[in-house]
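What the coordinates show
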Amino acid sequence: MAGKSFFIDTSRCTACRGCQVADKEWNQLKGTKTVQSGNHQNPEDLSFNTWKLVRFSEIGENGKVKWYFFTDQCRHCLEPPCMYTAQSLGSKAIIRDDETGAVIYDPKVKVEAADFKQIRESCPWDIPRWDEKTQIMAKCNMCFSRIKEGLLPACVKTCPTGTMNFGDRDKMLEMAQKRLNELKAIYPKAQLLNAESVRTVFLVIDDPKNYWKHAAENDVGITRIAAVIKRLIRPLENFSHFVG
Amino acid sequence: MTNSWTDIGVSDCVLIMGSNTAENHPIAMKWVLRAKDRGGKIIHVDPRYTRTSTKADIYAPLRSGTDIAFIGGMIKHILDHDLIQKDYVVNYTNASFIVNPKYDFKDGLFSGYNAEKRSYDKSMWAFEKDEKGLPKKDPTLQNERCVYQLLKKFYSRYDLDTVSSITGTPKEDLIKVYEAFAATGKPDKVGTMLYAMGWTQHTVGTQNIRAASMVQLLLGNMGMAGGGVNALRGESNVQGITDHALLYHIIPGYNPSPNAADVSLEKYNEKNTPKTADPMSVNWFSNRPKYITSYLKSMYGDNAGKNNEFGYQWFPKLDVGQNASWMFMFDEMGKGKFSGLICMGMNPACSSPNSNHTREALSKLDWMVTIDLFESETTNFWKGPAMDPKKVKTEVFLLPACSYVEREGSISDSARMAQWRNKAMEPVGESKSDGQIVHELYMKVKALYEKEGGAFPDPILKLKWDYAKDGKVDTHLVAKDINGFFLEDIAEHPFDKKAYKKGTLVPSFVFLLADGRTSCGNWIYSGSYTEAGNMMARRDKTPVATANIFPKWGFAWPVNRRILYNRASVDLQGNPIDPKRAVITWDAANKKWVGDVPDGPAPPMGLEGGKEPFIMKPDGVASIFGSGLGDGPFPEHYEPLECPIEKNLLSPERINPTTALFKEYKFTTCDPRFPFVGTTYRVTEHWQTGIMTRYQSWLVETEPQMFVELSEELAELRGIKNGERVSVSSPRGKVEAVAIVTKRWKPLKVAGLTIHEIGLPWCFGWLVPKDGGESANLLTPTIGDANTAIPEYKAFLVNVEKLPAKGKGR
């Protein structure tokens, strides 16, 4: 399965937040109550009603300021730890579409608090969210209803700068690599984030930690994945024990 | 904009100054980034490091209100290092013209100043003329009274130390910007400038833009693809509004409004039709009488004839010397001189400078009709803060207008391009389109005049008003009326000797006549809706590839020209100065231009029958020395009305000596009670005063509440932490805001002092959301530009103080 991918070129992002709002519009997500707390990033974090969020990061370096924008969303992992975790817990709440690779949370399947906690912890990018009242999980679904009809995801369609791109995985990786090569000459730290394992490929021009603590999969994330694999293996062991 | 949006993408250098393009014109950044992709340099000069700055190769800070000092320094840099594009400057500008000896500049004043009237006798700045009446020239640019030498002398005062001390911009940043932009003075390089309200909203606003134009002329960047001076207009259709004259001083197509001294059509035409003795000058405005007669015919139809000056006497006139612009209007309203106001799609209670005064002024009216989508701080002013509804006599009506998706019509963007927009749905509820509301209002007023008579009913009763079918306005009829049509069969038209039938649409404004045989609602839109169809509805992406312009998409005035002054993009023989970015080229074999629609069909200047490039100027060339503006032929730095330093470092004249003063209003300067510079701006997430966005939860959640941005240094000085509530005050008012303490704002060294600047948005208001806060315009002063009277929203004095915490979470 080659499937689809996003290529998000943060070097072009102007934080207009068109993607953030377009996502809410297409998916009819509620506007949430927010306050100004000394930062333009708002809502403060992803939530059950916010699947796409432009994160603002201001850093000082040698008396000069840098202001990075990171339009956060689900990475649609090739091998999604959240899905495997859910499966290990016996939940069918998370599926992966065979054709596109979209990782989708089924809005009809309830998940208990303790299970959700494990699912969220399994995600190296802290994406999964859950509504306490309905016990439903939510996150970016790759605008599945749009891409199935050959349309671009709403966030990509609305982006005026070429930051958000979407298409066949090989084309997106090629585009990402080409852009990376151009930018490497100017920004030595330019890099693609976890391109080999996710379908939402970010390009950054600086240390990913300067954008957002979960911009790239970090060591903790790898540990989490290891944990997931352990969880996956355990039931098998148990099973073999029974048949053995 | 002199240019189109798309050709910004081929520029070598984009100087963004007085504009926060990324936040206020997000789509425009597409073209800026295209330029960057091709290796172009992006420069952003702004008091605050914004989302635009993040995409710039060079960012330079400056103090609000010091742009002329900054640009003046650039002019000096260009002249000192002889970086001008000399052929262009000599042939296509008035740099070689000799100025008469009465012109002088001393102690901040040009010759001819009248302190009492706060105005100049501009005849003191005239050029010397030869026996034929042509300006005397010295093409070697050596004569000490030629424009080039006067320019050099004038800006010799703008050395790096002085400029840096005024602007606060570090010297190394000034040099970086000057070098990068001046590098576009070569024939195969081009630079463009993008500006917005950061340049206009100052007491020296018009001169900010003139200074920019002068740089572009010196560098040969005007008329070029990827060049020009580009005003990013503040609203999607504000260009259309200006084109159709929603300002007091002009009538449609930028023709001057008549005043009481223009007692006849003949007098009006005599005054407003420029003459030239230069046979090579096209002097386009010699055609003005054709546009005026055709306009009057469109106003009064068959009621207008040669016998009654085409209805000129019915046309409204200003008083002589009357300034009927915004602040003057609200000043008079505050004095009780108005009985009623129709307020259409505006929210002056939040958008006016000194809004507390504006809100007071509204309470002096007998009635106010507001036409808007939603309730606003204006529609509900009588129950706003500090208002006692019992004491407000104003009777307020709110007529529900429909939104743009519920009506069809044209929309004109900053690049002068009109695009037709279809209707997506019927208006909801009882709402109606603006056109329909105006139509119904007119029909009622007319009926009343017919029934009751009045002092002067003819201006209403004699109007031609044929825009509706069965009471419903048809926008296509309006568009056709604007384009213009023949009123009689014409056997042999003077322009092309061809025959035209009565009732057919004119192909363009060159077919308009001064004798009453044509009608045209707005000459610059002539050609937008012709017998070939609605040109504004065209959607063909075929480009003029070299210039990256798209002539078959929509319609750009005038005559679908995408790049103004494009005759200056070629050499004297008509060859593109920069062939890889050719805008137009003279095809010598076929004796015609190819490429963009040229500024007139005449051959290039160096060939037989050739004409000079700047066809709108009587001299045929562009004005480096301009005697048209009220505040001087060269832009000079003056401080904002409210500035943090005691004096202007360049002259004894602290503020623009020709700006009208509203002395009864509160203002201050160099005042320890208000020690910081304040400025105002918009945010991407809200539209103007926010009436179209503050009811929208997806947008409100992104920018929910009033904030003030300030530096870490100022925050420390005032003991303010990020996210804390503060009060920002000026002599006129006070607003509460949440502090955003940021590294993106830095104190500047100005005149040896450390100067702090803060900024706040004006998109909030007391009505909605309830905890959103108030408009920054409670703070801004009543003062404006000397030429346009646009208010000085961008620089004033404030104080910032920490407020006690109010409950949790705030």
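As the structure is a computational prediction, the values presented were derived from the model and not from experiment. Every chain is numbered independently, its residues counted from 1 as its sequence is written. All chains are assigned letters beginning at A, and all ligands numbers beginning at 1, according to the order in which they are written. Totals for whole chains, interfaces and linings use every residue, but because this is a predicted model, local features are given only for residues with pLDDT of at least 70 and side-chain atom pairs only at 80 or more, for both listing and counting. Heavy atoms throughout the structure, all of them, feed into the side-chain values; hydrogens and water do not.

Time to look at the overall build of chain A. Each helix corresponds to a stretch of at least 4 residues labelled H or I by DSSP, and each strand to a stretch of at least 2 residues labelled E; elements are numbered beginning at the N terminus. Each helix and strand counted, chain A has seven helices and 10 strands in total. We call a residue buried when its accessible area falls under 20% of the maximum for its residue type, exposed when it is over 50%, and partly exposed in between, using a 1.4 Å probe and counting protein chains only. Burial analysis of chain A (244 residues in total) assigns 55% to the buried set. Accessible surface is estimated by sampling points in the Shrake-Rupley manner with a 1.4 Å probe; for residues, cover comes only from the protein chains shown. For chain A, the accessible area works out to roughly 11,500 Å², and carbon and sulfur atoms hold 54% of it.

Here the focus is the overall build of chain B. If you tally the helices and strands in chain B, you get 20 helices and 33 strands. By the compact-globule yardstick of 28 Å for 810 residues, chain B fits well, its C-alpha radius of gyration being 27 Å. Along the first, second and third principal axes, the C-alpha set of chain B runs to 80 × 70 × 55 Å. Relative to its 810 residues, chain B shows a buried fraction of 60%. A separation of at least 24 residues holds for 70% of the contacts in chain B among residues at least 6 apart in sequence. Accessible surface for chain B amounts to roughly 32,100 Å². Of this, 55% is attributable to carbon and sulfur atoms. Averaging the locations of the 99 positively and 95 negatively charged side chains of chain B gives two centres separated by 1 Å. Computation of the radius of gyration draws on C-alpha atoms, with the globule rule given as 2.2 Å multiplied by the number of residues to the power 0.38. For this analysis, residues touch if any pair of their heavy atoms sits within 4.5 Å. Charged residues are defined narrowly, with Lys and Arg counted positive, Asp and Glu counted negative, and His plus the chain ends left uncounted. Lys charges are placed at NZ, Arg charges at CZ, Asp charges at CG and Glu charges at CD.

It is worth spelling out the interface of chain A and chain B at this point. Taken together, the contacts link 39 residues of chain A with 40 residues of chain B. The quantity reported as buried area is the accessible area (1.4 Å probe) lost by two parts once they are put together, taken as the sum for both. The largest contributions to the chain A side of the interface with chain B come from Q36(A), H40(A) and W67(A), which together make up 21% of the buried area. Here, a salt bridge means any Lys or Arg side-chain nitrogen found within 4 Å of an Asp or Glu carboxyl oxygen. One can count seven salt bridges joining chain A with chain B. Polar contact criterion, stated in full: a pair of N or O atoms within 3.5 Å, where within protein one must be able to donate a hydrogen and the other to accept it, and residues adjacent in sequence count only if both atoms are side-chain atoms. Run the count over chain A and chain B and you get 18 residue pairs in polar contact (both at pLDDT 80 or more). Elements represented by at least two residues in the side of chain A that touches chain B include exactly α1 (18–27), β2 (53–61) and β3 (64–72) of chain A. Tallied by class, the residues present in the side of chain A that touches chain B amount to 13 nonpolar, 17 polar and nine charged. Residues are grouped as follows: nonpolar covers Ala, Val, Leu, Ile, Met, Phe, Trp, Tyr, Cys and Pro; charged covers Asp, Glu, Lys and Arg; every other residue, Gly included, is treated as polar.

The next subject is the layout of surface pockets. When its volume is computed, the second largest pocket comes out at roughly 1,400 Å³. Along its surface, the second largest pocket is lined by 48 residues, and Y49(B), S53(B), T54(B), A56(B) and D57(B) are the ones closest to its centre. Those elements that provide at least two residues to the lining of the second largest pocket are β3 and α6 (169–184) of chain A together with α2 (29–37), β3 (58–60) and α7 (171–182) of chain B. It is β3(A) that provides the largest number of residues to the lining of the second largest pocket, a total of six residues. Residues that form the lining of the second largest pocket fall into these classes: 22 nonpolar, eight polar and 18 charged. Only protein atoms enter the 1 Å grid used here. Points where a 1.4 Å probe fits but cannot escape make up a cavity, open sets with protein on both sides within 12 Å along at least five of seven lines make up a pocket, and a residue lines them when an atom lies within 4 Å of a point. Grid points are joined across faces, edges and corners, and a volume is the space filled by probe spheres set on the points.

Nine residue types can take part in a nonpolar core, namely buried Ala, Val, Leu, Ile, Met, Phe, Trp, Tyr and Cys, and a core is a set of them joined through side-chain atoms within 4.5 Å. If you look at the biggest cluster of nonpolar residues, it comprises 75 residues, and the most contacted ones within it are Y103(B) and F634(B). Broken down by element, this core gets its largest block of residues, eight residues, from helix α3 (residues 67–80) of chain B. Excluding anything up to four places from it in sequence, Y103(B) contacts F110(B), S111(B), M124(B), W125(B), L150(B), F154(B), F625(B), P633(B) and F634(B). With 42 residues, the next largest nonpolar core counts M142(A), M172(A), L203(A) and A215(A) among its residues.

A helix is expected to span 1.5 Å multiplied by its residue count minus one. With 12 residues, α7(B) should cover 16 Å at 1.5 Å per step; its first-to-last C-alpha distance of 16 Å lies within 8% of that length. Within α7(B) the residues assigned to the buried category are D173(B), L174(B), V177(B), Y178(B), A180(B), F181(B) and A182(B).

As a further point, take the environment of E375(B). All names here are of chain B. The topology assignment puts E375 in the loop between β13 (367–372) and β14 (395–400). Along the chain, E375 and N287 lie 88 residues apart, while their C-alpha atoms are 45 Å from each other. Leaving out residues up to four positions away in the same chain, E375 has contacts with N380, L398, I691, Y695 and L767. At 2.6 Å, the side chain of E375 and the side chain of N380 are in polar contact.

Side-chain pairs of opposite charge can arise where the charged atoms are in close proximity. Residue and element names in this part refer to chain A. Across all of its chains, the model carries 58 salt bridges over all chains by this definition. Across the pair E121 and K117 runs a salt bridge, and its minimum N-O distance is 3.4 Å. Here the residue E121 and the residue K117 both occupy positions in helix α3 (residues 113–122), the gap between them amounting to four residues, near one helical turn. Exposure remark for E121: the relative accessible area of 42% places this residue in the partly exposed category. Note on K117: relative accessible area 53%, which makes it exposed. If you follow the salt bridges from partner to partner, you end up with D45, R55, D72, R75, R120, D126 and R129 in one network.

With that settled, the discussion passes to a nonpolar patch on the surface. All names here are of chain B. Together, I342, M344, W367, F397, V438 and L441 make up an exposed nonpolar region whose accessible area comes to about 490 Å². Put simply, the parts of the chain that give the nonpolar patch at least two residues each are β12 (340–344) and α16 (434–452). Here I342 shows up in strand β12. The exposure class assigned to I342 is partly exposed, which follows from its relative accessible area of 43%. Without a salt bridge and with relative accessible area above 30%, a residue can belong to a patch; like charges are then joined within 9 Å and nonpolar side chains (Val, Leu, Ile, Met, Phe, Trp, Tyr) within 5 Å.

With that out of the way, let us pick up the packing of helix α2 (residues 81–88) of chain A against α3(A). Packed helices, taken two at a time, are described by the angle their axes make and the gap between the axes. Residues and elements named next belong to chain A. Where helices are involved, their axes are fitted lines through C-alpha atoms of the stretch in contact, as for all axes, and angles between N-to-C directions lie from 0 to 180°. Two elements in contact, α2 and α3, have axes separated by 8 Å at closest approach and are oriented at 150 degrees. Classified by the angle their axes make, α2 and α3 are roughly antiparallel. In the crossing of α2 with α3, the sense of the turn from one axis to the other is right-handed. Residue-level contacts link P81, C82, T85 and A86 of α2 to Q118, I119 and S122 of α3. Looking at side-chain class alone, the contact of α2 with α3 contains four nonpolar, three polar and no charged residues. For classification, angles of less than 35 degrees are called roughly parallel, those exceeding 145 degrees roughly antiparallel, those between 65 and 115 degrees roughly perpendicular, and all remaining angles oblique. Each crossing is labelled by how the near helix is turned from the far one, with a counterclockwise turn of less than a right angle marking it left-handed and a clockwise turn marking it right-handed.

We now examine the sheet that holds β14(B). All names here are of chain B. Read from one edge to the other, the open sheet built from three strands follows the order β12-β13-β14, with strand pairing classed as parallel. At either end of the open sheet lies a strand with only one pairing partner, and these are β12 and β14. When strand polarity is set aside, the average angle formed by the axes of neighbouring strands in this sheet is 15 degrees. Bridging between β12 and β13 involves five bridges; their strand directions are parallel. Paired with I342 across the strands is V369, a residue of β13. With respect to the sheet, α16 is in contact with β12, β13 and β14, its orientation differing from that of β12 by roughly 155 degrees. When DSSP finds at least two bridges between two strands, those strands are taken to pair.

With that settled, the discussion passes to the side chain of S213(B). Residues and elements named next belong to chain B. Along the polypeptide, S213 turns up in helix α9 (residues 205–218). Under the relative-accessibility criterion, S213 is labelled buried at 18%. For S213, the contacting residues outside a window of four places in its chain are M222 and V229.

In this model, chain A carries a mean pLDDT of 92, and residues with pLDDT of at least 70 account for 89%. For every residue, the predictor states its confidence as a pLDDT score lying anywhere from 0 to 100. Confidence over residues 234–244 of chain A falls short of pLDDT 50; this stretch has zero contacts with residues more than four positions distant or in other chains.

For the peptide bond that leads from N42(A) to P43(A), omega is -5 degrees, which places it in the cis range. Look at Q135(A): it is not a glycine, yet its phi comes out positive at around 60 degrees. Of note, the phi angle at A245(B) is positive, near 70 degrees, even though the residue is not glycine.

Residue and element names in this part refer to chain A. The buried count for strand β8 (residues 164–168) comes to four of five residues, which makes it a mostly enclosed element. Judged from the five bridges that link them, strand β1 (residues 4–9) and β8 form a sheet pairing that is antiparallel. The partner of I8 across the bridge, within β8, is M164.

Attention shifts here to the pairing of strand β24 (residues 584–587) of chain B. All names here are of chain B. Burial along β24 is one-sided: the residues I584 and W586 are buried and none of T585 and D587 is. The pairing of β24 with strand β25 (residues 592–595) spans four bridges and is antiparallel. Each bridged residue has a counterpart across the sheet, and for T585 the counterpart in β25 is V594. As consecutive antiparallel partners, β24 and β25 are separated by four residues, and within that stretch K591 has a phi angle of approximately 50 degrees, a positive value.

Right, let's talk about the packing of aromatic side chains for a bit. All names here are of chain B. Two rings from Phe, Tyr or Trp (for Trp, the six-membered ring) form a pair when their centres are within 6.5 Å of each other. A pair whose planes differ by under 30 degrees is stacked, one over 60 is edge-to-face, and the rest are tilted. Enumeration according to the criterion identifies 51 aromatic pairs over all chains in this entry. Both rings, one in Y113 and one in Y120, keep their centres 5.2 Å apart while their planes meet at 55 degrees; by these two values the pair is tilted. In this structure Y120 comes out as buried when scored by relative accessible area, which is 10%. Ring geometry for W284 versus F509: centroids 5.7 Å apart, planes at 65 degrees, classification edge-to-face.

All names here are of chain A. Spatially, four strands are ordered β8-β1-β10-β9 in an open sheet, and the strand pairing comes out mixed. The open sheet has two free edges, formed respectively by β8 and β9 (191–193), since each of these has just one partner strand. Taken pair by pair, the neighbouring strands of this sheet meet at an average axis angle of 25 degrees, ignoring direction. Pairing analysis gives three bridges linking β9 to strand β10 (residues 200–204), with the strands arranged antiparallel. The residue of β10 that forms the bridge with L193 is F202.

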